[in-house]
Amino acid sequence: MIEINTLKFNKDISSVLKTKKYGTNWPVVYIINNNEEAYIGETTDASIRSNQHLANKIRRSLDEINIIGDDTFNKSSILDLESFLIKYMSADKKFKLQNGNGGLQNHNYYQKEMYENKFRKIWLKLKTKGLVEHDLKEIANSDLFKYSPYKALTTDQYMIVNNILSDLAELVNKKESATFVVEGGAGTGKTILGIYILKMLSQAKDASQIEIKEDQVEQNLYEILKINEAVDDLKIGLVIPMENLRTTLKKVFRSIKGLNSNMVLSPNDVGKSDEIYDLLIVDESHRLRRRKNLTQYGTFDENNRKMNLGNEGTELDWILLKSKYQIFFYDEEQSIKPTDVRKEDFDKLMLRKNYHSYQLTAQLRCLSGGNEYIDYVKKIFSNNPPKNKIEFKKYDLKIFDNVNEMIEKIKERDREYGLCRNVAGYAWPWNSKGKRNPMHSSSAKSKKSIDNGIYDLEIDGYKYIWNSQPYDWINSSNSINEIGSIHTTQGFDLNYTGLIIGNELKYDNKNHQFIVDKKNYFDVKGKADTTDEELLKYLLNIYCTMMTRGMLGTYIYVCDKTLKEYLEKYISRCNR
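A. Layout of the overall build of the protein chain. A tally of regular secondary structure across the protein chain gives 20 helices and 20 strands. Taking 25 Å as the expected radius of gyration for a compact globule of 576 residues, we find that the protein chain reaches 26 Å, a close match to that expectation. Dimensions of the protein chain along its principal axes, counting C-alpha atoms only, are 80 × 60 × 50 Å. Per-residue burial for the protein chain yields a buried fraction of 59% across its 576 residues. Residue pairs in contact within the protein chain that sit at least 24 positions apart in sequence constitute 75% of those at least 6 positions apart. Per element, the accessible surface of the protein chain, about 24600 Å² overall, is 45% carbon and sulfur. Counting 86 positive and 80 negative side-chain charges, the protein chain places the centres of these two groups 3 Å from one another.

Shown next as C-alpha cells:
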C-alpha cells in the first residue's frame with residue numbers, strides 16, 4: 001500500500017523518522033520542499049539521510065519532507081521512481097528543483113511495468129496533496145519536459161557524457177583546447193544530451209549543488225569537481241542556430257534552477273561578443289551558416305571582418321575562434337539549405353589537435369518504430385529503395401488518398417494524444433505572411449472564401465494557410481488549424497505528423513529516381529544558385545526529417561501521382 005508521510009523538516013526529523021513506518025532500514029523516495037523549491041531523493045534509511053541533508057546549507061532552506069513508501073519497494077524501484085519524479089516534477093513547474101542531474105540513467109528491472117503503474121498512482125496522491133499541479137499527459141507534451149536536463153540517459157548517452165567530461169577535465173587541467181563532435185540521426189537525443197551536459201557543467205559554478213549519493217559514486221561528478229578546480233568561473237553557452245528552437249529553449253531555461261535564458265545563444269551572439277568562452281555546446285550544428293543565400297549579409301560580414309576571416313568565414317569558424325572547447329552535435333542528413341555549412345568543413349575538424357568523436361545510435365523519438373523505421377524512411381527517400389515492404393505493428397504509418405481526410409485525422413489524433421500537427425514541403429507561396437487572418441479557418445472548398453480570401457495551399461479544392469507565427473508555432477493556439485514547414489518543426493517532437501509532399505518532388509518511373517521541379521519550390525533562398533542534384537539532396541533531407549518528427553505515427557499525402565504510386569509500394573494506404 002502506497003503511503004506518503006508529510007513531516008516538518010527540522011533538527012528533530014531524524015528522531016521523528018525513527019518512530020515512523022518506512023523511516024529506517026527500508027527503501028523510500030522523499031521530497032523535501034518549501035513553497036518555491038524542492039529536492040527529490042531516494043535512500044534505504046530516511047532517518048540517516050535526513051540528517052545528511054540538514055548539514056547542507058541549501059537544503060536547510062526547505063521546511064517539509066514527504067516520505068513515499070510501499071511494502072513492495074526495492075532499490076531498483078526507488079531509483080526508477082526518483083528518476084520519474086525528477087523528470088516530471090521539474091516540468092510540472094510547481095517547484096524549482098535543487099537537484100543536480102548526474103547519474104539519471106534508464107535501466108530495466110524485475111516487474112518494472114507493475115512499478116510504473118504504481119508511479120502513476122503516486123502522482124495522483126501527490127496532486128491531491130498539492131505537491132504537483134498538472135496531469136502526466138499534459139506534462140509529457142510540454143517543452144519543459146521534452147527539453148529537461150533531468151532526463152534519464154540511455155546507455156550510449158551516458159557513456160558519451162562520461163567520456164566527454166573525463167577528457168574535458170584532463171584537457172582543462174593541461175590547459176589544452178579540444179573539439180568534440182557527437183554525430184547522431186534524427187531522434188537520437190542530441191538536443192537533450194547538450195542540455196544535460198550544460199546543466200551538469202553549470203553545477204561547477206556552485207559546488208554545493210554537487211552531491212554524491214550515499215551509496216553511489218558518480219564518476220562524472222568527480223570530473224566536474226576537477227573542472228571546477230581548474231576554471232574559476234566557467235563561461236559556457238548553448239548555441240542554437242535555428243531561431244525557432246532557440247526561442248523555445250530560452251523559455252525552458254527560465255524555469256530551471258541553475259540555468260538562465262542568457263546561456264542560450266545564436267551564432268551571431270558568439271560572433272559579436274568580445275569574450276572568449278571556455279566551452280560552447282552547439283546543437284543542430286549542421287544548420288550553422290556560411291556566406292551563401294543569406295537574407296542579410298551586413299551583420300555576417302561585420303563579424304567576419306572583426307575576426308579577420310574575409311568573405312570565406314562561416315559561423316563554424318566563429319565558434320572555433322571564440323571558444324577554447326567545443327561540443328558539436330551534428331547530423332549531415334538534416335542539412336536542408338545551401339546556406340548550411342558544408343560537410344567538408346566539418347570533416348576538417350578531424351585535423352584539429354585533441355579531436356574527439358562519438359556516435360549516438362539509440363532511437364528515442366520514434367520509439368514505436370525504432371531504428372528500423374528511421375532506416376526504412378531513409379531508404380524509401382533514396383534511389384536505393386528497400387527490397388521489401390515493412391509493416392510496423394507499433395508505428396502508425398499510412399498514406400492517404402484525400403488531403404483533407406488526413407488533416408482531419410491528425411486533428412482527431414490531437415484531441416486524443418495532444419501535440420499532433422500537419423506540415424508540408426515549401427511547395428506553395430506564403431501569401432498570408434504578415435497578414436491578419438481573423439477567422440483562421442482550417443480548410444474550405446475552392447468556391448468558399450477562407451480567412452477573408454487569404455490562403456496559401458490549395459489542394460484538390462481544399463485551402464489552407466501556412467503557420468501564422470514563425471516562432472514556437474507548435475505550441476501556438478491555432479497551430480492545429482494551420483500547416484507548418486521544416487523551419488517550424490526541425491528539432492521538435494510531435495506525437496503524430498501529417499505530412500503533405502508537394503509538387504516540387506516527383507518520381508521518374510522510367511529511370512527509377514527522384515527528380516526536382518524547381519518552379520514548384522518556393523523557398524527562394526533554399527534553391528538559389530543550386531543545381532538540381534544539390535536541391536534534390538536538400539529536399540530528400542527535408543522530407544526524411546519531417547517523416548521522423550512523429551513519436552507515434554506519420555500520415556502522408558502526396559501531390560504528385562507518380563511519386564504516390566512509388567511510395568505506396570512501401571507505405572500502406574489508409575483504410576477508411
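B. Representation of the packing of aromatic side chains in the model. A full pass over the atoms with the stated rule returns 23 aromatic pairs. Arranged with centres 4.2 Å apart and planes meeting at 35 degrees, the rings of Y373 and Y395 form a pair that is tilted. On the criterion of sequence distance, the pair formed by Y373 in helix α15 (residues 370-380) and Y395 in the loop between α15 and β12 (396-400) is long-range, its members being 22 residues apart. Relative accessible area serves as the criterion here: at 3%, Y395 is assigned to the buried category. Among the aromatic residues, ring-to-ring pairing joins F84, Y88, F119, W123 and F145 into one connected group. A cation sits over an aromatic face here: R59 above Y39, 3.9 Å from the ring centre. Of note, R413 hangs over the ring of Y496, and the distance from its end group to the ring centre comes to 5.4 Å.

C. A look at the packing of helix α7 (residues 155-174) against helix α8 (residues 190-202). In contact at an axis separation of 11 Å, α7 and α8 are set at 45 degrees when each is read in the N-to-C sense. On the basis of their axis angle, the class for α7 and α8 is oblique. Considering how the two elements wind past one another, α7 and α8 form a crossing that is right-handed. Together, Q157, I160, V161, I164, L165 and L168 of α7 and L193, Y196, I197, M200 and L201 of α8 make up the contact between the two elements.

D. Summary view of the nonpolar core. With 116 residues, the main nonpolar core has L85, F381 and I501 as its most contacted residues. Residues contacting I501, with those up to four places away along its chain left out, are F381, Y543, I556, Y557, V558, C559, L563 and L567. With 21 residues, the next largest nonpolar core counts F400, Y462, W466 and Y496 among its residues.

E. Focus on the side chain of K564. Residue placement: K564 occurs in helix α20 (residues 561-567). Its relative accessible area of 15% is what places K564 among the buried residues. Among the polar contacts listed, one links the side chain of K564 to the side chain of E568, at a separation of 2.7 Å.

F. Up close: the pattern of salt bridges. All told, the structure shown has 37 salt bridges when counted by the stated rule. In this structure, D12 engages K11 in a salt bridge whose closest nitrogen and oxygen atoms are separated by 3.5 Å. Classification of K11 as exposed rests on a relative accessible area of 69%. K519 is paired through a salt bridge with D517; the nearest N and O atoms lie 3.0 Å apart. With relative accessibility at 11%, the residue D517 sits in the buried group.

G. Structural view of the sheet that holds strand β11 (residues 355-360). Judged by pairing direction, the sheet is parallel, and its six strands sit side by side in the order β8-β7-β9-β10-β6-β11 without closing on themselves. Across the chains shown, the open sheet's two edge strands, defined by having one partner strand only, are β8 (264-265) and β11. Bridge count between strand β6 (residues 178-184) and strand β10 (residues 323-330): six bridges; the pairing is parallel. Note on β10: the bridge partner recorded for V181 is F328. Together, β6, β9 (277-282), β10 and β11 form the strand contacts of α7, whose direction differs from that of β11 by roughly 170 degrees. In the packing of α8 onto the sheet, the strands contacted are β6, β7 (236-239), β9, β10 and β11, and the crossing angle to β10 comes to about 150 degrees.

H. Representation of the environment of T299 in the model. As for its placement among the helices and strands, T299 is situated in helix α12 (residues 298-306). Overall, T299 belongs to the partly exposed group, its relative accessible area being 46%. Note: C-alpha distance between T299 and L316 (17 residues apart in sequence) is 15 Å.

I. Structural context of the sheet that holds strand β5 (residues 96-97). A sheet is described by the order of its strands in space; here five strands give the open sequence β1-β4-β2-β3-β5, paired in mixed fashion. The sheet is open, and its two borders are formed by β1 (3-8) and β5, each paired with just one other strand. Looking at chain direction, β1 and strand β4 (residues 64-69) are connected through six bridges and run antiparallel. The residue of β4 that forms the bridge with K8 is E64. Relative to the sheet, helix α3 (residues 75-92) contacts β2 (28-33), β3 (37-43), β4 and β5, its axis offset from that of β3 by approximately 165 degrees. Against the sheet, helix α4 (residues 112-128) engages β1, β2 and β4, with an angle of about 40 degrees to β1.

Calculation rules
Residues numbered from 1 in each chain as written. Predicted model: local features only at pLDDT ≥ 70, side-chain atom pairs only at ≥ 80, totals over all residues. Heavy atoms only, no water. Helix = DSSP H or I, 4+ residues; strand = E, 2+ residues; numbered from the N terminus. Rg over C-alpha atoms; globule rule 2.2 N^0.38 Å. Buried < 20%, exposed > 50% of the residue type's maximum accessible area, 1.4 Å probe, protein only. Contact = heavy atoms within 4.5 Å. Areas by Shrake-Rupley, 256 points an atom, 1.4 Å probe, with all protein chains shown as cover. Lys, Arg positive; Asp, Glu negative; His and termini not counted. Charge placed at Lys NZ, Arg CZ, Asp CG, Glu CD. Phe/Tyr/Trp six-rings, centres within 6.5 Å; stacked < 30°, edge-to-face > 60°. Lys NZ or Arg CZ within 6 Å of the ring centre and 35° of its normal. Axes fitted to C-alpha atoms, helices over the stretch in contact; angles between N-to-C directions. Parallel < 35°, antiparallel > 145°, perpendicular 65-115°, else oblique. Left-handed = near helix turned anticlockwise from the far one by under 90°. Core = buried A, V, L, I, M, F, W, Y, C linked by side-chain atoms within 4.5 Å. Polar contact = N/O pair within 3.5 Å; in protein donor to acceptor, adjacent residues only side chain to side chain. Salt bridge = Lys/Arg side-chain N within 4 Å of Asp/Glu carboxyl O. Pairing = 2+ DSSP bridges.

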